[in-house]
Amino acid sequence: RRRHTRCLSDWSSDVCSSDLVAAGGLLTALLAASSVSAETRTLLRSGTWETFGGTTSKGNPICGMSAEINTRYFGIKRIAGDEIVTIQLGTPQWKLERGEKKQVRLIFDSNSPWNAPGTGMHFDDGDPGLEFTINQGEVANFMREFRMSGLLVVQFPDANFADWKLSLSGSSAVSDAFQQCAGRL
């Protein structure tokens, strides 16, 4: 399931510059098209991660990176006109109400943890999730840690949710494609 198309596999990690050039051409075509429904396309896959670009259901250009492993979705998104980055994560196993607050802690390798109040939401298919934003002044450091780390641990200190461990294999390549996409927003 591709949640980046619904809310707003094993892939080779071999990536060459021609893939990124092709992704840039596809993004330009996507951004030029007008649409009233959310429509995104995968720009690059590396490891368990993918970069996507397209438009939201409101017609706003969007870029993002995501992974979905064993029904656990983790997505990083940027919408045209926003300098912030939105994180969305979720799984059908959670029980969450819209607007419900849950603390989220992200730990990239052995770096200092990122702590944020996640807000309960539901994806278009009804599955529960949490979302929060990374402020503009912190985006560069967040993206550096995402790109350079090998493991992401996601914890939920005040919820009865199991910790998640996500491999960041491929995160460098998808980060490059995400930055190119976001640069065109």
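This text goes with the structure placed above it.
So, a few notes on the structure that sits alongside this text.

The rules behind each value
Residues numbered from 1 in each chain as written. Predicted model: local features only at pLDDT ≥ 70, side-chain atom pairs only at ≥ 80, totals over all residues. Heavy atoms only, no water. Helix = DSSP H or I, 4+ residues; strand = E, 2+ residues; numbered from the N terminus. Buried < 20%, exposed > 50% of the residue type's maximum accessible area, 1.4 Å probe, protein only. Polar contact = N/O pair within 3.5 Å; in protein donor to acceptor, adjacent residues only side chain to side chain. Pairing = 2+ DSSP bridges. Axes fitted to C-alpha atoms, helices over the stretch in contact; angles between N-to-C directions. Phe/Tyr/Trp six-rings, centres within 6.5 Å; stacked < 30°, edge-to-face > 60°. Salt bridge = Lys/Arg side-chain N within 4 Å of Asp/Glu carboxyl O.

### So, the environment of Asp-125
Part 1: You can see Asp-125 is positioned in the loop between β7 (114-122) and β8 (128-134).
Part 2: On the basis of relative accessibility, which here comes to 33%, the residue Asp-125 falls in the partly exposed class.
Part 3: When the C-alpha positions of Asp-125 and Pro-92 are compared, they lie 9.9 Å apart, and in sequence the two are 33 residues distant.
Part 4: In terms of polar contacts, Asp-125 uses its side chain to reach the backbone amide nitrogen of Asp-127, at 2.9 Å.

### Some remarks on the sheet that holds strand β3 (residues 61-69)
Part 1: Spatially, 10 strands are ordered β1-β2-β3-β4-β5-β8-β7-β6-β9-β10 in an open sheet, and the strand pairing comes out antiparallel. Two strands bound the open sheet, and with one partner strand each, they are β1 (39-46) and β10 (164-167). Between one strand axis and the next, the sheet turns by 25° as a mean value, whatever way the strands run.
Part 2: The pairing of strand β6 (residues 101-108) with β7 spans six bridges and is classified as antiparallel. Note that in β7 the partner of Val-104 across the bridge is Ala-116.

### Section: the packing of aromatic side chains
Part 1: Within this structure, the stated rule accounts for 11 aromatic pairs.
Part 2: Between Trp-94 and Phe-156, the ring centres sit 5.2 Å apart and the planes meet at 80°, which makes this aromatic pair edge-to-face. Of this pair, Trp-94 sits in the loop between β5 (85-90) and β6 while Phe-156 sits in the loop between β9 (151-155) and β10; the two residues are 62 residues apart in sequence, bridging distant segments of the chain. The two residues Trp-94 and Phe-156 agree in class, both being buried.
Part 3: With 5.5 Å between their ring centres and 75° between their planes, Phe-156 and Phe-161 make a pair best called edge-to-face. When sorted by exposure, Phe-156 lands in the same class as Phe-161, which is buried.
Part 4: Counting every residue linked through ring pairs, the aromatic cluster contains Trp-49, Phe-74, Phe-108, Trp-114, Phe-142 and Phe-146.

### Overview of the pattern of salt bridges
Part 1: In this structure the tally under the stated criterion is six salt bridges.
Part 2: Residue Arg-78 pairs with Glu-83 through a salt bridge whose shortest N-O separation is 3.4 Å.
Part 3: With relative accessibility at 18%, the residue Arg-78 sits in the buried group.
Part 4: A salt bridge links Arg-144 to Glu-145; its shortest N-O distance comes to 3.9 Å.
Part 5: Owing to a relative accessible area of 45%, Arg-144 belongs among the partly exposed residues under this scheme.

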